[in-house]
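Chain by chain, the residues:
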Amino acid sequence: MPDPNSAALEFMLSRRSRPAKTLMPPVPTHEELRPILTAAARTPDHGKLEPWRFIVIEGAAMARLADLAEARGAALGKSSEDIAKARNQFDQGHLAVAVIEVQKPSEKIPPVEQTYSAGAVCLALLNTALASGWGANWLSGWVSHDRRFCEDGLHLAANESIAGLIHIGTERSAPPERPRPDLDSITEWCDA
Ligand SMILES: Cc1cc2nc3c(=O)[nH]c(=O)nc-3n(C[C@H](O)[C@H](O)[C@H](O)COP(=O)(O)O)c2cc1C
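Residues numbered from 1 in each chain as written. Predicted model: local features only at pLDDT ≥ 70, side-chain atom pairs only at ≥ 80, totals over all residues.

As annotated in an unreviewed UniProt entry, the chain is Putative NAD(P)H nitroreductase from Sedimentitalea todarodis. Regarding the chain, the relevant UniProt record gives this comment under Cofactor (unreviewed entry): "FMN". The heading Sequence similarities (unreviewed entry) in the UniProt record of the chain holds the text "Belongs to the nitroreductase family." (UniProt positions renumbered as here; feature names shortened; annotations may be inferred.)

So this is what it looks like as structure tokens:
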């Protein structure tokens, strides 16, 4: 007979991101962040390749990345709205964990499975932060996909990319529920 973990089930059935712009200090200390990162690294990973790592962005790094986002946006000819949005992510951020996808050479594990695992780490990190009582939000934005931003801002190597920027802080107010998928329209029961 299954032995349900009611608290975990209740959490998974009600979990909800908190918009990054509503997150305020205090943010988790390094000691508070360690178990959250430890749980996130406990993620399915075909072949034990560990195709991911973390960069914790805080303090002066936020301001540096805000300036870089603006400079890259101007160099790429982005609209002022796109530049402001990219800048705001760091200007308004207090702590974010960049989950870095690290593609490892493997004859057995295709690159896409490493990408899926990195995405799973992002969700595990988001959920563990939420379950720990913090507000958290998974963001990307065009900067995440700009090589120059990744290399100049976070010193990523050629086999590395940003899977997600998980902002963590103290929530000011719980957001309204977001519409959720209709289960029957996304589920097929295949028994023959
Ligand atoms: C890969 C990925 C990237 C995202 N990037 C952004 C973003 O840049 N800006 C944004 O407003 N939301 C972004 N979102 C959506 C937010 O995380 C959104 O708050 C979330 O989907 C709400 O989900 P939840 O309430 O089920 O936790 C992204 C989501 C994913 C999965």
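Additional details are given in the paragraphs that follow.
Below, the discussion takes up the overall build of the chain. Broken down by element type, the chain carries 7 helices and 5 strands. Radius of gyration (C-alpha) of the chain: 18 Å, near the 16 Å computed for a compact globule of 192 residues. Summarising its shape, the C-alpha atoms of the chain cover approximately 60 × 45 × 40 Å along the three principal directions. Residues classed as buried in the chain amount to 29% of the 192 residues present. (Helix = DSSP H or I, 4+ residues; strand = E, 2+ residues; numbered from the N terminus. Rg over C-alpha atoms; globule rule 2.2 N^0.38 Å. Buried ≥ 20, exposed ≤ 12 C-beta atoms within 10 Å, placed from the backbone.)

Our focus in this paragraph is the UniProt feature "domain: Nitroreductase" (unreviewed entry) in the chain. Under the present numbering, the feature "domain: Nitroreductase" (unreviewed entry) in UniProt falls on residues 15-169. The annotated region residues 15-169 carries 44% helix and 21% strand content, and the separation between its end C-alpha atoms amounts to 16 Å.

Residues in close proximity to the ligand include R16, S17, N137, W138, L139, S140, G141, G164 and R178, which together make up its full environment. Ranked by the residues each element gives to the shell around the ligand, the list is headed by strand β4 (residues 135-139), at 3 residues. A class-by-class count of the residues in the shell around the ligand yields 2 nonpolar, 5 polar and 2 charged. (Near = placed C-beta within 6 Å. Nonpolar A, V, L, I, M, F, W, Y, C, P; charged D, E, K, R; others polar.)

We now examine the environment of T22. Within the secondary structure, T22 is located in the loop between α1 (6-14) and β1 (23-24). You can call T22 partly exposed: it has 17 C-beta atoms within 10 Å. Measuring from C-alpha to C-alpha, the distance between T22 and E58 comes to 17 Å, with 36 residues separating the pair along the chain. In this structure, T22 is in contact with G135, E171, R172 and S173, ignoring residues within four places of it in sequence. (Contact = placed C-beta atoms within 7 Å.)

This next bit is on the packing of helix α2 (residues 30-40) against helix α5 (residues 111-131). In contact at an axis separation of 8 Å, α2 and α5 are set at 140° when each is read in the N-to-C sense. The handedness of the crossing between α2 and α5 is right-handed. Of the residues in α5, those in contact with I36, A39 and A40 of α2 are V121, A124, L125, T128 and A129. When grouped by side-chain class, the residues that make up the contact of α2 with α5 number 7 nonpolar, 1 polar and no charged. (Axes fitted to C-alpha atoms, helices over the stretch in contact; angles between N-to-C directions. Left-handed = near helix turned anticlockwise from the far one by under 90°.)

Attention now goes to the pairing of strand β5 (residues 160-171). As paired strands, β1 and β5 are joined by 2 bridges and run antiparallel to one another. Bridge pairing in β5 links M24 to T170. Strand direction decides the pairing type here: strand β3 (residues 95-102) and β5, joined by 7 bridges, are antiparallel. Within β5, the residue paired with A96 across the bridge is H167. Both β4 and β5 contribute to a ladder of 5 bridges, which runs antiparallel. Each residue of the ladder has a partner; that of W138, found in β5, is I166. (Pairing = 2+ DSSP bridges.)

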